[in-house]
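Observations on chain architecture
Spelled out from the first residue to the last, the chains are:
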Amino acid sequence: MPIFICGTGSYVPKKVLTNDELSLRVDTNDEWIRTRTGIRERRIASEEEASSDLCYHASLRALEAARLGPEAIDLILVATITPDTPFPATACYLQRCLNCRPIPALDINAACSGFPYGLHLARQCLLGDPHCRHILFVCGDKMSSVTDWQDRSSCVLLGDGAGAVIVGRSEDSEGNSPPEGLRLQISDILLGADGLGADQIIMPAGGSRRPASPQTVEGREHFFRMDGKRVFREAVQVMGECAEEILRRNGLSSGEIDYLIPHQANIRIINAVAQHLQIPQDRITITLDRYGNTSTSAIPIALDEAVRSERIARGKKLLTLAFGAGLTWGAALLQSE
Ligand code: ACO
């Protein structure tokens, strides 16, 4: 039975932090950041805004696009690596904000690969449970809450935001079709992980292995850390292989992909992957120049922008491609209807 994305929405905080402003905080400059990463500016949430607040605004927009109210949602899935609190789940805070029925709500942590991972779970839930008709799947991260503003190699990269999709069946258990409008059929999803790379992108403390203590705070262990050079190499290789594999098993060539929506970590990674796949620039959706790396939400924000710009006509093939901490990776092949 076909499963669809029948509404998208996104949200970024109002506050813009430019490269020039960052260069007043750490030893960096606009030229280095632009040429080495492609980022011009990023959005930073206010102190009052937590990840669930970002998710809330994105969810309202996705619900509106799908012409559904919160009462129509049967399950909430949130992908985040910056939960409001370690527990309860950010999805439960979101459920409270949306005033949903007492439906199940849970978080997943697949870092920057959260979009294809969560989409896979959403699809399986819809296929396995006839009572589940619409899933609100939101990716949201307040990366500024785990950014080390003294580390110039990582603080220039990260930004805050959220992206949401409503996932549903072609028809519900009563035989009703979903609302009209652009729908994206989920054709295939490919996922992978390699825990041997777990230390490459990590927040070392604050979990059961290294609970918060004066020492962990002193050692700045509650911040995002990354072995940037190594991650760069792995990202280029793994995203290329992942794309090739999903295309191969669907009998497609890269020339048949109308839009590539990659994780937005570094323009040089995106260009290297696109070059490897021979996908031209005008078929790639880019948001990192304006938002930086918004972690889990990077792909659904880019997807929402592409949908709302009406660039995606019916009958087009989209490939989303993710890579992140874990290490995790994934691709989702979508077809617009
Ligand atoms: N401003 C100025 N100079 C800088 C800065 C900065 N912000 N950061 C580093 N430098 C300097 C370094 O100190 C180094 O100087 P040196 O040669 O004197 O030692 C020089 O610039 C080169 O540093 P590199 O680390 O080699 O820079 P590189 O070109 O590798 O770029 C970067 C670093 C941007 C982090 C890159 O490695 C990268 O993008 N990595 C992958 C990121 C990624 O894929 N993340 C995805 C998963 S994580 C997630 O999505 C949440």
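The shown structure was predicted, so the numbers you read here are calculated from the model rather than taken from an experiment. (Residues numbered from 1 in each chain as written. Predicted model: local features only at pLDDT ≥ 70, side-chain atom pairs only at ≥ 80, totals over all residues. Heavy atoms only, no water.)

Check the secondary structure of the chain and you find 11 helices and 13 strands. Since a compact globule built from 337 residues should have a radius of gyration of about 20 Å, the 19 Å found for the chain is in line with a globular shape. In terms of overall dimensions, the chain has a C-alpha envelope of 60 × 45 × 35 Å along the principal axes. Split into buried and exposed, the 337 residues of the chain put 54% on the buried side. As displayed, the chain has an accessible area near 14,700 Å², and 49% of this comes from carbon and sulfur atoms. Averaged over its 35 positive side-chain charges, the chain has a centre that lies 2 Å from the centre of its 42 negative ones. (Helix = DSSP H or I, 4+ residues; strand = E, 2+ residues; numbered from the N terminus. Rg over C-alpha atoms; globule rule 2.2 N^0.38 Å. Buried < 20%, exposed > 50% of the residue type's maximum accessible area, 1.4 Å probe, protein only. Areas by Shrake-Rupley, 256 points an atom, 1.4 Å probe, with all protein chains shown as cover. Lys, Arg positive; Asp, Glu negative; His and termini not counted. Charge placed at Lys NZ, Arg CZ, Asp CG, Glu CD.)

Attention now goes to the layout of surface pockets. Of the pockets and cavities examined, the largest pocket occupies roughly 870 Å³. What lines the largest pocket is a set of 28 residues, and nearest its centre among them are I81, P83, N109, M203 and A205. Residue assignment for the lining of the largest pocket shows that the elements contributing at least two residues are β5 (105-108) and β9 (201-202). Grouping the constituent residues of the lining of the largest pocket by class yields 16 nonpolar, 8 polar and 4 charged. For the lining of the largest pocket, the domains that each give at least three residues are domain 1 (3-169) and domain 2 (184-336). In this model, the second largest pocket occupies a volume close to 710 Å³. Residue lining of the second largest pocket: 34 residues in total, with S153, L157, M226, G228 and N266 positioned closest to the centre. Contributions of two or more residues to the lining of the second largest pocket are made by α2 (30-37), α6 (152-155), α8 (228-249), α9 (267-277) and β12 (317-324). (1 Å grid on protein atoms, 1.4 Å probe; cavity = no way out; pocket = protein on both sides within 12 Å on 5 of 7 lines; lining within 4 Å. Points joined across faces, edges and corners; volume = space filled by probe spheres on them. Nonpolar A, V, L, I, M, F, W, Y, C, P; charged D, E, K, R; others polar. Domains from an automatic or database assignment.)

By the assigned domains, the chain splits into domain 1 (3-169) and domain 2 (184-336). A separation of 14 Å is found between the C-alpha centroids of domain 1 and domain 2. With 52 residues of domain 1 at the interface, the matching set in domain 2 holds 48 residues. Buried area between domain 1 and domain 2, both sides added, is near 4,000 Å², and the carbon and sulfur share of it is 60%. Remark: the boundary between domain 1 and domain 2 carries 2 salt bridges. Summed over the shared surface of domain 1 and domain 2, the result is 25 residue pairs in polar contact (both at pLDDT 80 or more). Every element with two or more residues in the side of domain 1 that touches domain 2 is listed here: β1 (3-11), α2, β3 (41-43), α3 (51-65), α5 (114-128), β6 (134-142) and β7 (160-169). Considered class by class, the residues forming the side of domain 1 that touches domain 2 number 25 nonpolar, 17 polar and 10 charged. (Contact = heavy atoms within 4.5 Å. Buried area = accessible area lost by both parts, 1.4 Å probe. Salt bridge = Lys/Arg side-chain N within 4 Å of Asp/Glu carboxyl O. Polar contact = N/O pair within 3.5 Å; in protein donor to acceptor, adjacent residues only side chain to side chain.)

To continue, consider helix α11 (residues 298-308). Taken across its 11 residues, α11 has 9 buried, putting it largely inside the fold. Turning to α11, its buried residues are A298, I299, P300, I301, A302, L303, D304, A306 and V307. Phi turns positive, to about 60°, at E310, one or two residues after α11.

With 15 residues, α3 ought to run about 21 Å at 1.5 Å a step, and its terminal C-alpha atoms sit 21 Å apart, in line with that. The set of residues buried in α3 consists of S51, S52, L54, C55, A58, S59, A62 and L63. Along α3, the residues classed as buried sweep out an arc of 160° about the axis, all on the same side. Along its buried surface, α3 packs onto β1, β4 (75-79), α4 (90-98), β6 and β7. (Expected span 1.5 Å × (residues − 1). Arc of directions from axis to C-beta.)

On inspection of all chains with the given rule, the structure shows 1 aromatic pair. Between F115 and F137 the ring centres are 5.9 Å apart and the planes differ by 20°, which places this aromatic pair in the stacked class. Taken as a pair, F115 in helix α5 and F137 in strand β6 lie far apart in primary sequence, 22 residues in all. Given the relative accessible area of 1%, F115 is considered buried. (Phe/Tyr/Trp six-rings, centres within 6.5 Å; stacked < 30°, edge-to-face > 60°.)

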